[in-house]
Amino acid sequence: MDAYHVLMVHFPIALWMTATLAIFLRVFSDGPLARSVDHALVPLLSASLVFGIIAFAIGLMVWPWETISASALGRNHVLLASWTVAYWAVILFVRWRRGESVWQGLSRWVMAVLAFLGSALLGITGTLGGHLVGIYTEVSDLLRLLGWEVYTTYYVPNTTLIALGVISLLLLVMAFWGRKAT
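Residues numbered from 1 in each chain as written. Predicted model: local features only at pLDDT ≥ 70, side-chain atom pairs only at ≥ 80, totals over all residues. Heavy atoms only, no water.

Asks: Looking at this structure, I do not really get the nonpolar core. What am I missing?
Replies: Grouped together as the largest cluster of nonpolar side chains are 24 residues, with contacts concentrated most on I23, L41, L45, I91, W103 and M111. Contributing elements (two or more residues each) for this core: α1 (2-28), α3 (41-62), α5 (72-98), α6 (107-132) and α8 (158-181). Other than its neighbours up to four places away in sequence, I23 contacts L41, I91, W103, M111, A112 and A115. (Core = buried A, V, L, I, M, F, W, Y, C linked by side-chain atoms within 4.5 Å. Buried < 20%, exposed > 50% of the residue type's maximum accessible area, 1.4 Å probe, protein only. Helix = DSSP H or I, 4+ residues; strand = E, 2+ residues; numbered from the N terminus. Contact = heavy atoms within 4.5 Å.)

Asks: Sorry, what's going on with the environment of G126 here?
Replies: Residue placement: G126 occurs in helix α6. Accessibility expressed as a relative area gives 35% for G126, which makes it partly exposed. The sequence separation of G126 and L21 amounts to 105 residues, and the corresponding C-alpha distance is 18 Å.

Asks: For this particular structure, what's the right way to read the layout of surface pockets?
Replies: Approximately 630 Å³ is the volume attributed to the second largest pocket. Considering the residues around the second largest pocket, the lining is formed by 32 residues, among which H5, V9, H77, T125 and G129 are closest to the centre. Among the elements that line the lining of the second largest pocket, the one with the most residues is α1, at eight residues. Of the residues that constitute the lining of the second largest pocket, the class distribution is 19 nonpolar, twelve polar and one charged. (1 Å grid on protein atoms, 1.4 Å probe; cavity = no way out; pocket = protein on both sides within 12 Å on 5 of 7 lines; lining within 4 Å. Points joined across faces, edges and corners; volume = space filled by probe spheres on them. Nonpolar A, V, L, I, M, F, W, Y, C, P; charged D, E, K, R; others polar.)

Here it is, written out as structure tokens:
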């Protein structure tokens, strides 16, 4: 069953990374190509979400919950996978609900930050999944430098909590500032 998860997980990864590139293109350009790519963003994010949910469900069937939850690495992977799916669902909802207005004013930069954070979350989730199947990357070394030992730590490090708090506050301030400007 793990081969199916490994195969399926590459679809949402590729689609969400494509969506990240589409968002950055639209943030930095108002040209016809960027507008055309933006028209495909909601369907792209929708397909990504469907494949992400399927990959998540298959991943939960790979090992029994007792097995995956017995290690910090397994718990972190499941936790981050659920965050990733939920996070990209929020980006889809924001883009769908706000429409073209999401690219006006300050909110376009909020979308850029959201896309960057979503792709970082996706990368960390994939790294942890790779470690579970024996494929190691340097991302875990970077996480170790940031205070997170992926093999033994099952928590969010204080520096990460502080960074998340600061980013959340900045996004809220930018949102209220952008709302007042419109």
